[in-house]
Amino acid sequence: MTDINRGAIRSNQDILNGQEFTETPSQCLETAILLPALNEEDTIGRTIRSIFEQDFEEPFEIILSDHSSHDRTLDIMRDMAERYDGPHRIRLFQAPREYGDTIKGMNQHVNWLMDRLGNKFFIQSCADDVEWPNRVRRMVETWRETGAGYVTGTQEFILPSGVKYESNIGQTRFVQPEEQIKELFRNPSMNGASCWDAQLWRRYGPLPGRWASDLVMPVWGGISTGAYHLGEIVRTFYITGKQTGYGSQFMASTDAIKQIQLNERMSFDRIGMSMYYIDMLELEIRRETHEVPYVDKVTAEQQAQRIKHLRWMYARALNSMFVRTADYCTVREELMRQQIPILQD
C-alpha cells in the first residue's frame, strides 16, 4: 500500500520537507521501520528489498528517508516505493542536508523523523545492511511480550572480503545499562540497530549529538521499563570499508594508525557514556521524586519502590563504572568544547 498523501512519492514536489505533514497516532499503524540514508546508492536497494521481504503479517509503515544525498539514493528509494505492491504502507521523506554525515547527523535525522511520526513502536534499519525476514516480527513480539521500552537483537558481520565475523549471540534477557555500554565495545554483535517504543522517546528523546542510538537508548530503557536483548540473529551488518553513509569504516581497516584512533574513540565513548548514564540516573531520580512519574496511576508504595531502585542503580553505577577522576574531567572538557550537552544539576 502506497500512501501518497502521507509520504510516498508521485513527483519531486510530493517529498515531505518537514512542513507539510506531521502524523498523529490515529493516522498511523502501530509499527514503523525507519531507514535513514545518506549517499548509499550501492547498497540501499538491497536493504529496502530485505524490508519488503519481512514475514510479519500485520501491516506496518516503511519510512524511507533520504538525507539530501549527492548520489542516486533518493531516486532508488522513489522507484522502489512506486513499484511496491505489498501490504505495508510506504512513506518517503527528504531530511535537511545541514545535519551532516556523522553519528550526530544520523541522530539529528532520526530526531527529525520522530517529530513527524505517530507510531507506537519503532525499528531502526541502516542503509548498508540487510534485515533478516524475521526481524520486524521478532522485535514486535519481544516488545509485546516483555514490555521493555528498548529492544535489540543480535547481528552478524560480513567483512569486505565476504568472510563472516564470528558473532556472540548472547543470552536472551534484560540487560543493565552499564553492561550494555561495556558489551558494545567487547561484543558489538549484541547491539543491533535499535528498537524503541513511543513512551520511551517521549520521556527521554531526542537523541544527543555524539553517541549512537544503541549506546544511548539502553540507558533510557534501563532506567525505565527495561532494555531487552533477544539472543537471535535478526540482521546482517556489512562492513564495506568505504567512507559512505554516516559512520567511518575503521572496523574494516588494517591500518595501525586507524586502529589506534578507533581504540581511543572507544575509550572516550566508554567514559562519556558512563557519565551520561550517571547523569541520566540523577535526572530521573529528581523527576520521579519531584515531577512526573514515568508510569501513570501508580500507588505511593510503587512510586517509593521505583525511587529506591533508581537510587540503588545510581550507587552501583558510581561503584562499578570505570570513570577515573582525571578521565572524567578530560572527557567533560572535550564534550563542552564540542558543544555536546551534558546534564547538569
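Calculation rules
- Note that residues are indexed from 1 along each chain, following the sequence as it is written.
- Thresholds applied to this predicted model are a pLDDT of at least 70 for local features of residues and 80 or more for the giving and counting of side-chain atom pairs; totals over whole chains, interfaces and linings are not thresholded and use all residues.
- Side-chain figures throughout are based on the complete set of non-hydrogen atoms in the structure, without hydrogens or water.
- Pairs were defined over the aromatic rings of Phe, Tyr and Trp, the Trp ring being its six-membered one, requiring ring centres within 6.5 Å. Orientation was assigned from the angle between planes: stacked under 30 degrees, edge-to-face over 60, tilted for the rest.
- Helix numbers and strand numbers start at the N terminus; a helix is a DSSP run of H or I with at least 4 residues, a strand a run of E with at least 2.
- Exposure categories follow from relative accessible area, calculated using a 1.4 Å probe and restricted to protein chains: below 20% of the type maximum is buried, above 50% is exposed, and the middle band is partly exposed.
- Think of it as a cone above the ring: NZ of Lys or CZ of Arg counts as a charge over the ring if it is within 6 Å of the ring centre and within 35 degrees of the ring normal.
- In this description, a nonpolar core means a group of buried Ala, Val, Leu, Ile, Met, Phe, Trp, Tyr and Cys residues linked to one another through side-chain atoms lying within 4.5 Å.
- Detection works on a 1 Å grid of protein atoms alone, calling trapped sets that fit a 1.4 Å probe cavities and calling open sets with protein on both sides within 12 Å along at least five of seven lines pockets, with lining residues defined by an atom within 4 Å of a point.
- Grid points are joined across faces, edges and corners, and a volume is the space filled by probe spheres set on the points.
- The definition of a polar contact used here is a pair of N or O atoms within 3.5 Å, where within protein one atom must be able to donate a hydrogen and the other to accept one, and adjacent residues in sequence count solely through side-chain atom pairs.
- Each residue carries a pLDDT score, the predictor's own confidence in it, on a scale running from 0 to 100.
- It only takes one pair of heavy atoms within 4.5 Å for two residues to be counted as in contact.
- Each reported salt bridge corresponds to a side-chain nitrogen of Lys or Arg within 4 Å of a carboxyl oxygen of Asp or Glu.
- Helix span, as expected, comes to 1.5 Å for every residue beyond the first.
- Two strands qualify as a pair provided that DSSP identifies no fewer than 2 bridges between them.

A look at the packing of aromatic side chains
Point 1. This structure, assessed with the given rule, holds ten aromatic pairs.
Point 2. Plain terms: the ring middles of Phe52 and Tyr84 are 4.4 Å apart, the flat faces sit at 35° to each other, and that makes the pair tilted. Taken as a pair, Phe52 in helix H1 (residues 44-52) and Tyr84 in the loop between helix H2 (73-83) and strand S3 (89-94) lie far apart in primary sequence, 32 residues in all.
Point 3. Tyr84 gets classed as buried once you look at its relative accessible area, which sits at 10%.
Point 4. A centroid spacing of 6.3 Å and a plane angle of 35° characterise the contact between Phe56 and Phe60, whose relative ring orientation is tilted.
Point 5. Under the relative-accessibility criterion, Phe56 is labelled buried at 8%.
Point 6. A relative accessible area of 0% places Phe60 in the buried class.
Point 7. Following the ring pairs from residue to residue traces out a cluster consisting of Phe122, Trp196, Trp201, Tyr204 and Trp220.
Point 8. In this structure, Arg46 packs its charged tip against the face of Tyr238, placed 4.0 Å from the ring centre.

Comments concerning the nonpolar core
Point 1. Judged by nonpolar contacts, the single largest core of 37 residues is most densely connected at Leu34, Phe122, Trp196, Trp201, Trp220, Ile223 and Tyr276.
Point 2. Going through the elements one at a time, strand S1 (31-37), helix H3 (103-114), helix H6 (198-204), helix H7 (213-222), helix H8 (256-290) and helix H9 (300-320) are the ones with two or more residues in this core.
Point 3. If one sorts the elements of this core by residue count, H8 sits on top with seven residues.
Point 4. Within the second largest apolar cluster, 32 residues are counted, among which are Val136, Met139, Val151 and Leu230.

Quick notes on the layout of surface pockets
Point 1. As a volume, the second largest pocket reaches approximately 280 Å³.
Point 2. Asn119, Lys120, Ala198, Gln199 and Arg202 are the residues nearest the centre of the second largest pocket, which is lined by 14 residues in total.

Side note on the side chain of Arg235
Point 1. By the secondary structure assignment, Arg235 is in strand S10 (residues 227-238).
Point 2. Reaching out from Arg235, the side chain makes a polar contact with the side chain of Asp129 at a distance of 3.3 Å.
Point 3. A distance of 2.8 Å separates a polar atom in the side chain of Arg235 from a polar atom in the side chain of Gln155.

Looking at the confidence of the model for the protein chain
Detail in the predicted coordinates should be disregarded across regions flagged by low pLDDT.
Point 1. Looking at the protein chain, pLDDT values average 78 and 69% of them are 70 or higher.
Point 2. When the criterion is pLDDT under 50, residues 16-21 qualifies, and its contacts beyond four places in sequence or with other chains add up to 18 contacts.
Point 3. Across residues 322-326, confidence stays below pLDDT 50; counting only partners more than four residues off in sequence or on other chains, it has seven contacts.

Comments concerning the pattern of salt bridges
Point 1. Going through the model one piece at a time under the given rule, you end up with 17 salt bridges.
Point 2. Across the pair Arg203 and Glu284 runs a salt bridge, and its minimum N-O distance is 3.1 Å. A residue pair is termed long-range when its members are at least 10 positions apart, and Arg203 in helix H6 and Glu284 in helix H8 qualify at 81 residues.
Point 3. Among the ionic contacts, a cluster of salt bridges with common partners joins Asp55, Arg137, Arg138, Glu141 and Glu232.

Quick word on H3
Point 1. With twelve residues, H3 should cover 16 Å at 1.5 Å per step; its first-to-last C-alpha distance of 16 Å lies within 8% of that length.
Point 2. Burial in H3 covers these residues: Gly105, Met106, Asn107, His109, Val110, Asn111, Trp112, Leu113 and Met114.

Let's talk about the environment of Tyr277
Point 1. Within the fold, Tyr277 resides in helix H8.
Point 2. Along the chain, Tyr277 and Leu215 lie 62 residues apart, while their C-alpha atoms are 9.9 Å from each other.

Focus on the pairing of strand S6 (residues 150-158)
Point 1. The buried count for S6 comes to nine of nine residues, which makes it a mostly enclosed element.
Point 2. One ladder, built from two bridges, connects S6 with strand S9 (residues 195-197); its direction is antiparallel. Of the residues in S9, the one forming a bridge with Val151 is Cys195.
Point 3. For S6 and S10, the ladder comprises eight bridges, and the chain directions are parallel. Each residue of the ladder has a partner; that of Val151, found in S10, is Tyr228.
Point 4. Bridge analysis of S6 against strand S7 (residues 164-165) gives two bridges, and the strand direction is antiparallel. Its bridge partner being in S7, Ile158 is matched across the sheet by Lys164.

Here's the deal with the pairing of S10
Point 1. Most of S10 sits inside the fold, with nine of its twelve residues counted as buried.
Point 2. Pairing analysis gives two bridges linking strand S8 (residues 173-174) to S10, with the strands arranged antiparallel. In the sheet register, Phe174 faces S10, and the bridge partner there is Tyr228.

Details of unusual backbone geometry
Point 1. Cis rather than trans, the peptide bond between Gly205 and Pro206 has omega equal to 5°.
Point 2. With phi around 55°, Asn39 is a residue other than glycine that occupies positive phi space.
Point 3. Counting through the fold element by element, Asn39 comes out in the loop between S1 and H1.
Point 4. The class of Asn39 is partly exposed, set by a relative accessible area of 22%.
Point 5. One non-glycine residue, Ser68, adopts positive backbone phi at about 50°.
Point 6. Within the element layout of this structure, Ser68 appears in the loop between strand S2 (61-66) and H2.

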